[in-house]
Amino acid sequence: MAKAGDTLEHPVTGERIIFRKTAKETGGELMQGDVIMRPHGFVAAAHVHPMQEERFEVLSGSVKFRVNGAEQELQTGETAVVPPRTPHVWWNDGDVEAHVLVDVRPALRFEEFFETFFGLAQDGKVNQKTGLPNPLVLALVMREYRKEIQLAKPPLVVQQVLFSGLALIGRLLGYKGRYPYPHPR
């Protein structure tokens, strides 16, 4: 379980998260972390948080966002707030590292999702271009953390049907929806 000061890294997407506050430390109210994104780093997929608001404050560098289909660039000192149920994705289009303070309210099990997702990446169990695990594992992870995160596409009902079948096959093959981050620091 992540705690303040722990660092997670995703070697494919170029994201590094340093937790400032976790669900356990805030009574479930907030997960807060510094996300350091290398030049040309990216979030693996456009997504939605069904019950959570996400707030981004750029502390250094710049990042681009696509929120509900509209693209914008945020520079140092600027913030963006993404309400629940809003499709979004973000990336570092620049040639310098970006440092973004991210607040997620309520926290739910968001840091646990990151431990799973980044753990898979640390162990080389993701696509080396997209940063996503194979569809069977992805289906299990997305079902496990469905209150925290959903893909922006395809529509949710299609995801539910698709992921149900893929998750069943994945479980039969021994895959799990939770995966430990191998090297907390």
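The structure under discussion appears in the preceding block.
Here the structure is a predicted model, which is why all the values come from computation and not from measurement.

A. Quick look at empty space enclosed by the protein. Going through the model one piece at a time under the given rule, you end up with 1 cavity of 30 Å³ or more. The computed volume of the largest cavity comes to approximately 280 Å³. Of all the secondary-structure elements, those providing two or more residues to the lining of the largest cavity are β2 (15-21), β3 (31-37), β5 (53-60), β10 (98-105), α1 (110-122) and α2 (135-144).

B. Quick peek at a nonpolar patch on the surface. Taken together, the side chains of V157, V158, V161 and L162 present a nonpolar region at the surface, about 360 Å² in accessible area. Mapped onto the elements of the fold, V161 is located in helix α3 (residues 156-172). Relative accessible area serves as the criterion here: at 62%, V161 is assigned to the exposed category.

C. Representation of the sheet that holds strand β8 (residues 79-82) within the structure. Strand order in the open sheet formed by 6 strands is β1-β2-β3-β10-β5-β8, and the pairing between neighbours is antiparallel. Edge positions in the sheet fall to β1 (7-10) and β8, since each has one partner strand and no second. Neighbour to neighbour, the strand axes of the sheet diverge by 20 degrees on average, direction disregarded. Two strands pair when backbone bridges link them, and β2 and β3 are joined in this way by 6 bridges, in the antiparallel orientation.

D. Expanded view of α1. Relative to the 18 Å expected for 13 residues at 1.5 Å per residue, α1 spans 18 Å between its end C-alpha atoms, a close match to the ideal helical length. Of all 13 residues making up α1, 12 are buried, and the element is well covered by its neighbours. Among the residues making up α1, those that are buried are F110, E111, E112, F113, F114, E115, T116, F117, F118, G119, L120 and A121. In the core, the buried residues of α1 are packed alongside β1, β2, β3, β5, β10 and α2. With its phi angle positive at about 75 degrees, G124 sits one or two positions after the end of α1.

E. Summary view of the nonpolar core. The biggest cluster of nonpolar side chains holds 47 residues, and the ones touching the most others in it are V63, W90, F113 and F114. Counting residues per element, this core draws most heavily on α1, at 7 residues.

F. Just the pattern of salt bridges, in detail. Tallying each qualifying case throughout the model produces 10 salt bridges. For R105, the salt bridge identified is with E29, shortest N-O distance 2.8 Å. Of this pair, R105 sits in strand β10 while E29 sits in the loop between β2 and β3, and the two are 76 residues apart along the sequence. Between E112 and R178 there is a salt bridge, with the nearest N and O atoms lying 3.0 Å from each other. With E112 in helix α1 and R178 in the segment after α3, this residue pair connects regions lying 66 residues apart in the sequence. For R178, a relative accessible area of 47% translates into the label partly exposed.

G. Expanded view of the packing of aromatic side chains. Throughout the structure, instances matching the rule amount to 9 aromatic pairs. The interplanar angle of 15 degrees and the centroid separation of 5.6 Å between the aromatic rings of F65 and W90 together place this pair among those described as stacked. Placement of the pair is F65 in strand β6 (residues 62-67) and W90 in strand β9 (residues 88-91), with a sequence separation of 25 residues. Of the two residues, F65 and W90, both sit in the buried class. Here F110 and F114 contribute two aromatic rings whose centre-to-centre distance is 4.7 Å and whose plane-to-plane angle is 70 degrees, an arrangement assigned as edge-to-face. Of the two residues, F110 and F114 are both situated in helix α1; the distance of 4 residues between them amounts to about one turn of the helix. Classification of F114 as buried rests on a relative accessible area of 13%. Among the aromatic residues, those joined into a ring-pair cluster are F110, F113, F114, F117, F118 and Y145.

Rules used in this analysis
- Residues numbered from 1 in each chain as written.
- Predicted model: local features only at pLDDT ≥ 70, side-chain atom pairs only at ≥ 80, totals over all residues.
- Heavy atoms only, no water.
- 1 Å grid on protein atoms, 1.4 Å probe; cavity = no way out; pocket = protein on both sides within 12 Å on 5 of 7 lines; lining within 4 Å.
- Points joined across faces, edges and corners; volume = space filled by probe spheres on them.
- Helix = DSSP H or I, 4+ residues; strand = E, 2+ residues; numbered from the N terminus.
- Patch = residues over 30% accessible without salt bridge, like charges linked within 9 Å, V, L, I, M, F, W, Y side chains within 5 Å.
- Areas by Shrake-Rupley, 256 points an atom, 1.4 Å probe, with all protein chains shown as cover.
- Salt bridge = Lys/Arg side-chain N within 4 Å of Asp/Glu carboxyl O.
- Buried < 20%, exposed > 50% of the residue type's maximum accessible area, 1.4 Å probe, protein only.
- Pairing = 2+ DSSP bridges.
- Axes fitted to C-alpha atoms, helices over the stretch in contact; angles between N-to-C directions.
- Expected span 1.5 Å × (residues − 1).
- Contact = heavy atoms within 4.5 Å.
- Core = buried A, V, L, I, M, F, W, Y, C linked by side-chain atoms within 4.5 Å.
- Phe/Tyr/Trp six-rings, centres within 6.5 Å; stacked < 30°, edge-to-face > 60°.

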